[in-house]
Amino acid sequence: MDKYYLTTAIDYVNGAPHIGHAYEKILSDVIVKHYSQRCEDVYFLTGTDEHGIKIQKTAAERGITPKEMCDENSSKFKEAWKALGIDYNKFIRTTDEEHEAVVQRIFDKLLKQGDIYKHSYEGLYCSGCESFLNPKDLTEDGLCPIHHKKPEIVSEENYFFKLSKYKDALKKHIQDNPEFILPKFRANEVLNQLDNIDDFSVSRSSASVEWGIPVLGDEEQRIYVWIDALSNYITALGWDVDKPSEKFEKYWPVVHHVIGKDILKFHSIYWGGILMALGLPLPKQLLVHGFININQEKMSKTLGNVIAPVDILKAWDLQIPDAFRYYMASAAMIGKDGNYSDEDFKEKVNADLANSTGNLLNRTLSMLVKYFDGEIKEEFLISSDLYKTALGKVKIVENHFDNYEIAEAGNEITDLVNITNKYVTDNAPWTLAKEGKMTECGQVLATVLNVMCVVCSLIYPYCPNIAKDMARQLSFDLNTKLDDLTCDNLKVGKFITKEEIHPVFLRLDSELADKTAKK
Ligand code: MSP
């Protein structure tokens, strides 16, 4: 594997980022960091989706222009991702001029080749989904099943995309490529939807929605949301109609779209159809995650339980985002919904990061200083069964990532730490020292430290700052690719001084925890 291109969904900017947006970006950043430990060339795209009726309405309610609101909120997303350590290569905004111009040309091409046609239509529009709904998909009360709102009846002349032409080819692609949609159970959902899907609207009249990209040569129509939004994945690479760019040639179609379950239909069916119409290959994979609930409840403005990710960092007085990243990346098994609660957060990060990983490293280094003045001697470096286990875990973690099992991979790392902790308890280096068996004692400590280098490397995608701190104390080169990892990391000689040892993660303070839990 030499290249890896990952994209996230681009977020609507009618509000500030919440923990659900953060979940997706953290998951994506963890994946990107993991693959940067396996391939030479990784490209990570995120951004904001800035057109549409929702944005137009919210800006009007606030008495500002849509562009002013987009600028304000798009910056909030960027700030939040900085605070969470999300290292994207490019942040695209759908109001970027270059993007808008290419979207117009895409639309024009599809119109000229007959994949887009004009049609009078009356339908049920959900502004939450920014899409017309099929009456069959509504709840018994006639509400949108995702947004629980009554859709508006819209009667307009719009442009439509001829999805019917591509339905069979899409079905075949999904059936022939079982890895296309992960987790696999989501693919059946799409196949069922394909049976009931019609051509879809790709424009709205400018009278009803002004805040959209104008159709070239038809001022009365605005290109609407999905062609605009989905095209970001190629316009961001500099692709233009009939003019593929260098980046596009390099990264397409080795692309992995990380998206929430609510927008799978748009990415598998709409995007698939648009790409086929453009004569472009389909993405390699759609990685579909579930939703994050708060205290087991759906997050919603009405319930007043929407949490901003930066508020969590502030509430816990966290200078680095690692604990939150670690928790979020482990919050849900593949594709399933997950949950955030202050209590779980405190418990999980205190157990895994402070008590297990941090404490193990701290104790071992302290013993090395206490018994050997921080020195590794030649005779400490022996082979150990624990090394086989550690390197075996590297393969297991890689395999989990390849199956988009990020929480499961995290559990394997904790398991390796627990096994190593047990090894320390079973071999009791403090007793060996008391009995004067100094070589055996040194061997136990060196074995643990060699394994901790592997742990440090594996945990880096989740907790980059903690991993860097561990690497410094272990004199370990964190740039080592996973394939080059060994358990032969320690050098003979003075290893560390007392002053250089410090805990890499402090337990979350209980008082603070109780305070936030009560809020
Ligand atoms: N703008 C569209 C996506 C266009 S992609 C070409 C959109 N925006 S969104 O702001 O509503 O959602 C952005 C991403 O956040 C989506 O993948 C969505 O599934 C995800 N989430 C929104 N709420 C969420 C949770 N509560 N939990 C986890 N992810 C959630 O859809």
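(A) Focus on the overall build of the protein. In terms of regular secondary structure, the protein is built from 19 helices and 18 strands. Relative to its length of 519 residues, the protein is compact, with a C-alpha radius of gyration of 26 Å against a globular reference of 24 Å. C-alpha extents for the protein along the principal axes are approximately 90 × 50 × 40 Å. The long-range share in the protein, meaning contacts at least 24 apart out of those at least 6 apart in sequence, stands at 77%.

(B) Just empty space enclosed by the protein, in detail. Overall, the coordinates contain one cavity of 30 Å³ or more when judged by the stated rule. The calculated volume of the largest cavity comes to roughly 60 Å³. Of all the secondary structure elements, the ones that give two or more residues to the lining of the largest cavity are α1 (19–36) and α15 (406–427). For the lining of the largest cavity, the element with the highest residue contribution is α15, accounting for three residues. Grouping the constituent residues of the lining of the largest cavity by class yields eight nonpolar, two polar and two charged.

(C) Quick look at the layout of surface pockets. Taken as a whole, the largest pocket spans an internal volume of roughly 1,500 Å³. Contributing to the lining of the largest pocket are 45 residues, with His-18, His-21, Lys-54, Gly-128 and His-147 lying nearest its centre. Sorting the residues of the lining of the largest pocket by element identifies β2 (11–12), α1, α2 (53–62), α7 (226–230), α8 (232–235) and α10 (264–278) as the ones contributing at least two each. The element contributing the most residues to the lining of the largest pocket is α1, with five residues. Along its surface, the second largest pocket is lined by 34 residues, and Phe-132, Leu-133, Asn-134, Asp-137 and Lys-265 are the ones closest to its centre. Per-element accounting of the lining of the second largest pocket gives the leading share, five residues, to strand β5 (residues 116–126). Residues that form the lining of the second largest pocket fall into these classes: 17 nonpolar, seven polar and ten charged.

(D) Expanded view of the site of the ligand. Looking at the ligand, there are 24 residues lining it, with Ile-10, Glu-24, Asp-49, Asp-262 and Ile-292 nearest. A distance of 3.4 Å separates a nitrogen atom of the ligand from a polar backbone atom of Gly-20. Here an oxygen atom of the ligand and a side-chain polar atom of Glu-24 are 2.5 Å apart. Compared with its free state, where it exposes 660 Å², the ligand has 93% of that area covered by protein. The cavity that encloses the ligand is the largest pocket. Of the residues assigned to the shell around the ligand, the class counts are twelve nonpolar, eight polar and four charged.

(E) Structural context of the nonpolar core. The biggest cluster of nonpolar side chains holds 176 residues, and the ones touching the most others in it are Phe-324, Tyr-340 and Phe-345. It is helix α17 (residues 438–459) that provides the largest number of residues to this core, a total of 14 residues. Setting aside residues up to four positions removed in sequence, Phe-345 forms contacts with Ile-312, Trp-316, Leu-318, Ala-323, Phe-324, Tyr-327, Tyr-340 and Leu-508. Counting six residues, the second largest nonpolar core, distinct from the first, contains Leu-124, Cys-129, Leu-138 and Cys-144.

(F) Representation of the side chain of Asp-352. Inspection of the secondary structure puts Asp-352 in helix α13 (residues 342–372). Using a relative accessible area of 10% as the deciding quantity, one classes Asp-352 as buried. One polar contact links Asp-352 to Lys-348, side chain to side chain, over a distance of 2.8 Å. When residues no more than four places from it in sequence are discounted, the contact partners of Asp-352 are Tyr-326, Thr-357 and Thr-414.

(G) Geometry of the sheet that holds strand β9 (residues 200–201). The antiparallel open sheet is built from four strands, whose spatial order is β6-β5-β7-β9. The open sheet has two free edges, formed respectively by β6 (131–133) and β9, since each of these has just one partner strand.

(H) Focus on the pattern of salt bridges. A complete count under the given rule lists 35 salt bridges for this structure. Across the pair Lys-25 and Glu-24 runs a salt bridge, and its minimum N-O distance is 2.7 Å. In this pair, the class of Lys-25 matches that of Glu-24, namely buried. Note that Asp-115 is salt-bridged to Lys-165, the shortest N-O span being 2.9 Å. Of this pair, Asp-115 sits in the loop between α4 (97–112) and β5 while Lys-165 sits in the loop between β7 (152–161) and α5 (167–176); the two residues are 50 residues apart in sequence, bridging distant segments of the chain. By relative accessible area, which is 1% here, Asp-115 ends up buried. Note on Lys-165: relative accessible area 47%, which makes it partly exposed.

(I) Here's a closer look at α4. With 16 residues, α4 should cover 22 Å at 1.5 Å per step; its first-to-last C-alpha distance of 23 Å lies within 8% of that length. Taken residue by residue, α4 has His-99, Val-102, Val-103, Gln-104, Ile-106, Phe-107, Asp-108 and Leu-110 as its buried positions. Directly beyond the C-terminal end of α4, a positive phi value near 85° is found at Gly-114.

Basis of the calculations
Counting restarts for each chain: residues are numbered from 1 in the order of the written sequence. The model is predicted, so local features are restricted to residues of pLDDT at least 70 and side-chain atom pairs to those at 80 or more, both for listing and for counting; the totals for chains, interfaces and linings are taken over all residues. With hydrogens and water excluded, all non-hydrogen atoms of the structure serve as input to the side-chain values. Only DSSP runs of H or I covering at least 4 residues are called helices, and only runs of E covering at least 2 are called strands; the numbering of each starts at the N terminus. Values of the radius of gyration come from C-alpha atoms, whereas the globule rule sets the reference at 2.2 Å times the count of residues to the power 0.38. Two residues qualify as a contact provided that any one of their heavy atoms is within 4.5 Å of a heavy atom in the partner residue. Here a cavity denotes a set of grid points, spaced 1 Å apart and computed over the protein atoms alone, in which a 1.4 Å probe fits but from which it cannot get out, and a pocket denotes an open set meeting protein on both sides within 12 Å along at least five of seven lines; residues with an atom within 4 Å of a point are reported as lining. Grid points are joined across faces, edges and corners, and a volume is the space filled by probe spheres set on the points. Any residue that is not Ala, Val, Leu, Ile, Met, Phe, Trp, Tyr, Cys, Pro, Asp, Glu, Lys or Arg is counted as polar, Gly included; the first ten are nonpolar and the last four charged. A molecule or strand has a residue near it when one of that residue's heavy atoms lies within 4 Å. What qualifies as a polar contact is a pair of N or O atoms within 3.5 Å, subject to a donor-acceptor requirement within protein and to the restriction that residues adjacent in sequence count only when both atoms come from side chains. Using a 1.4 Å probe, accessible areas were evaluated by the Shrake-Rupley method; residue-level cover was limited to the displayed protein chains. Pocket occupancy is defined atom-wise: a molecule lies in a cavity or pocket when more than half of its atoms are within 2 Å of its grid points. Nine residue types can take part in a nonpolar core, namely buried Ala, Val, Leu, Ile, Met, Phe, Trp, Tyr and Cys, and a core is a set of them joined through side-chain atoms within 4.5 Å. Each residue's exposure class comes from its accessible area (1.4 Å probe, protein chains only) as a fraction of the maximum for that residue type: buried when under 20%, exposed when over 50%, partly exposed otherwise. Strand pairing is defined by DSSP finding a minimum of two bridges between the two strands. Just to be clear on terms, a salt bridge is a Lys or Arg side-chain nitrogen sitting within 4 Å of an Asp or Glu carboxyl oxygen. Given a helix with a known number of residues, its expected span is that number minus one, times 1.5 Å.

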